[in-house]
Amino acid sequence: MNAPIISVRDLATRFGETWIHRNLNLEIVAGEMVALVGGSGSGKTTLLRQMIGLLLPTQGEIRMFDEPLFGGGVQRERALRRRFGVLFQHGALFSAFNVFDNIAFPLRELKCFDPETIHDLVMLKLEMVELLPRHALLMPAELSGGMVKRVALARALALEPELLLLDEPTAGLDPDRSDSFVRLTRMLGEELGLTVVLVTHDLDTLAALATRVAVLAEQHILAYDTIDAIMRLDHPFIRNFFHSERGQRALAHAH
Ligand SMILES: Nc1ncnc2c1ncn2[C@@H]1O[C@H](COP(=O)(O)OP(=O)(O)O)[C@@H](O)[C@H]1O
Ligand SMILES: [Mg+2]
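Rules used throughout
Numbers given for residues are sequential positions, taken from 1 along each chain in its written order. As they are written, the chains are lettered A onward and the ligands numbered 1 onward, keeping that order. Where local features are concerned, this predicted model is filtered to residues with pLDDT of at least 70; where side-chain atom pairs are given and counted, the filter is 80 or more; whole-chain, interface and lining totals use all residues. Once C-beta atoms are placed from the backbone, each residue is buried if 20 or more other C-beta atoms lie within 10 Å of its own, exposed if 12 or fewer, and partly exposed for counts between those two. For the purposes of this entry, the term helix denotes a DSSP run of H or I that reaches at least four residues, the term strand denotes a run of E that reaches at least two, and both are numbered from the N terminus. One requirement defines pairing of two strands: DSSP has to find at least two bridges between them. Here the expected span of a helix is defined as 1.5 Å times the quantity of residues minus one. Directions drawn from the helix axis to the C-beta atoms are what define this arc. Contact definition: two residues whose C-beta atoms, as placed from backbone geometry, lie within 7 Å. What makes a residue near a molecule or strand is its C-beta atom, placed from the backbone, lying within 6 Å of it. Asp, Glu, Lys and Arg are counted as charged, while Ala, Val, Leu, Ile, Met, Phe, Trp, Tyr, Cys and Pro are counted as nonpolar; the rest, among them Gly, fall into the polar class. Only the stretch in contact is used when a helix axis is fitted, and all axes are lines through C-alpha atoms; the angle between N-to-C directions ranges over 0 to 180 degrees. Each residue carries a pLDDT value, the predictor's own confidence for that position, ranging from 0 to 100. Angles below 35 degrees are treated as roughly parallel, those above 145 as roughly antiparallel, those between 65 and 115 as roughly perpendicular, and all remaining angles as oblique. Two helices crossing with the near one rotated counterclockwise from the far one by less than a right angle form a left-handed crossing, whereas a clockwise rotation gives a right-handed crossing.

*Asks:* Report on the pairing of strand β6 (residues 84-87), specifying residues and quantitative values.
*Replies:* Both faces of β6 are covered, namely the face carrying F84 and V86 and the face carrying G85 and L87. Pairing of β6 with strand β7 (residues 163-167), which is carried by four bridges, proceeds in the parallel orientation. Bridge pairing in β7 links G85 to L164.

As structure tokens, then:
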């Protein structure tokens, strides 16, 4: 059994009077590409934010790389932060920085690389996400949707993380751009040996990437298994999600 990269134990989340998660458990081991699926508003983004320590759960414990997310002191939290990269739902590049400076941001923050090293690392990441050296000088507003995602991916990979978290990475992309982003993510994931947690609504993305699917419904992880096993379950959310006509097409295409 591979080492647990993330373990979520008995998590509960309440916003005001509303419980979003209750008794939520999930363990993700090294090398998995886990697709987290669930209805809109079921708490997927919230769970992702909790996994990386941006939001404190109301109850429960989250460990990353077998260490608690909080309470280890600033040094240790900083060390932990280097081990994962995140691509948020809306790509969220710094709009006042060009592509180069966006990718350089996490490298500069560490204050341990000289400018030449930063330059080399940024250019390497740019190449990794299949962008050209001349793209380094573009501003985010000059980029297509697909390029924004690639730059955001390059930035997420800047510190060579072991874990990559992606929130709806292909939402809003046209099918061609979405396919090519998925192909790139899969290739990099395999090449770099990443563990990936991916929130997605998109069955094409899920079918192409996920080694396992975690279904968030009824406030907890209702099922966590391979796509095939999940599809055999009889549950309204799963029926709607996988067995719609569109879903069937995506899955037939992937197999
Ligand atoms: N910081 C917050 N304060 C209050 N309510 C929130 C907050 N963040 C999310 N919510 C609510 O929690 C629910 C789950 O949100 P979210 O995790 O974004 O869902 P999903 O990503 O699955 O669509 C939604 O009803 C949302 O409005
Ligand atoms: Mg969300």
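Having seen it, we continue.
*Asks:* Summarise helix α6 (residues 175-192); cite the residues concerned and give the values.
*Replies:* Between the first and last C-alpha of α6 there are 25 Å, a value that for 18 residues agrees with the 26 Å anticipated at 1.5 Å per step. Of the positions making up α6, those classed as buried are S178, F181, V182 and T185. Viewed end-on, α6 has its buried residues packed into an arc of 100°, placing them on one side of the element. Among the exposed residues of α6, those pointing more than 90 degrees away from its buried face are D176, M187, E190 and E191. Considering only its buried residues, α6 is in contact with α5 (145-156) and α7 (203-209).

*Asks:* A description of the site of ligand 1 should follow, citing residues and the corresponding values.
*Replies:* With respect to spatial proximity, the complete set of residues near ligand 1 consists of F15, I20, G38, S40, G41, S42, G43, K44, T45 and T46. For the shell around ligand 1, the residue count by class is two nonpolar, seven polar and one charged.

*Asks:* Which residues make up the sheet that holds strand β3 (residues 33-38), and what values go with them?
*Replies:* A sheet is described by the order of its strands in space; here six strands give the open sequence β6-β7-β8-β3-β9-β10, paired in mixed fashion. Each edge of the sheet is formed by a strand with only one pairing partner; in this case those strands are β6 and β10 (220-225). Neighbour-to-neighbour, the strand axes of the sheet open up by a mean angle of 15°, direction not taken into account. In this structure, β3 lies alongside strand β9 (residues 212-217), joined through five bridges in parallel fashion. For L36, the partnering residue across the bridge sits in β9 and is A214.

*Asks:* Describe helix α1 (residues 44-51), listing the residues and the values that go with them.
*Replies:* Of all the residues in α1, the buried ones are K44, L47, L48, Q50 and M51. All buried residues of α1 fall inside an arc of 160° around its axis, so they share one side. Looking one or two places after α1, you find G53, whose phi comes out positive at around 80°.

*Asks:* So what's going on with unusual backbone geometry? Residues and values would help.
*Replies:* Positioned with a positive phi, E218 is a non-glycine residue whose angle comes to about 55°. Positive phi is not limited to glycine here, since Q219 has a value of about 75°. If you trace the backbone, Q219 turns up in the loop between β9 and β10. With 18 C-beta atoms counted inside 10 Å, the residue Q219 sits in the partly exposed group.

*Asks:* Provide a residue-level description of the confidence of the model for the protein chain, including the pertinent values.
*Replies:* Looking at the protein chain as a whole, the pLDDT averages 92, with 97% of positions reaching at least 70. Averaged pLDDT values for the elements of the protein chain fall to 69 in helix α10 (residues 245-254) and rise to 98 in strand β2 (residues 18-29).

*Asks:* Talk me through the environment of G41; I want residue IDs and the actual numbers.
*Replies:* With respect to the secondary-structure elements, G41 resides in the loop between β3 and α1. Among the residues examined, G41 registers 9 C-beta atoms within 10 Å and is labelled exposed. As a C-alpha pair, G41 and W19 span 22 residues in sequence and 12 Å in three-dimensional space.

*Asks:* Kindly report on the packing of α5 against α6, identifying the contributing residues and their values.
*Replies:* In the contact formed by α5 and α6, the axes pass within 10 Å of each other and the chain directions differ by 15°. If you check the angle between α5 and α6, you find them roughly parallel. Remark: the crossing between α5 and α6 carries right-handed chirality. Contacts between α5 and α6 involve G145, G146 and K149 from the former and R177, S180 and F181 from the latter. Residues that form the contact of α5 with α6 fall into these classes: one nonpolar, three polar and two charged.

*Asks:* I'd like to hear about the sheet that holds strand β4 (residues 59-64), residue by residue, with values.
*Replies:* Taking strand neighbours across the sheet as the criterion, the four strands line up as β2-β1-β4-β5 in an open arrangement whose pairing is antiparallel. The open sheet has two edge strands, β2 and β5 (67-68), and neither has a second partner. Bridging between β4 and β5 involves two bridges; their strand directions are antiparallel. Across the sheet, residue M64 finds its bridge partner in β5, namely E67. Contacts between α1 and the sheet are confined to β1 (4-15), β2 and β4, with β1 contributing the most and set at about 125° to the helix.

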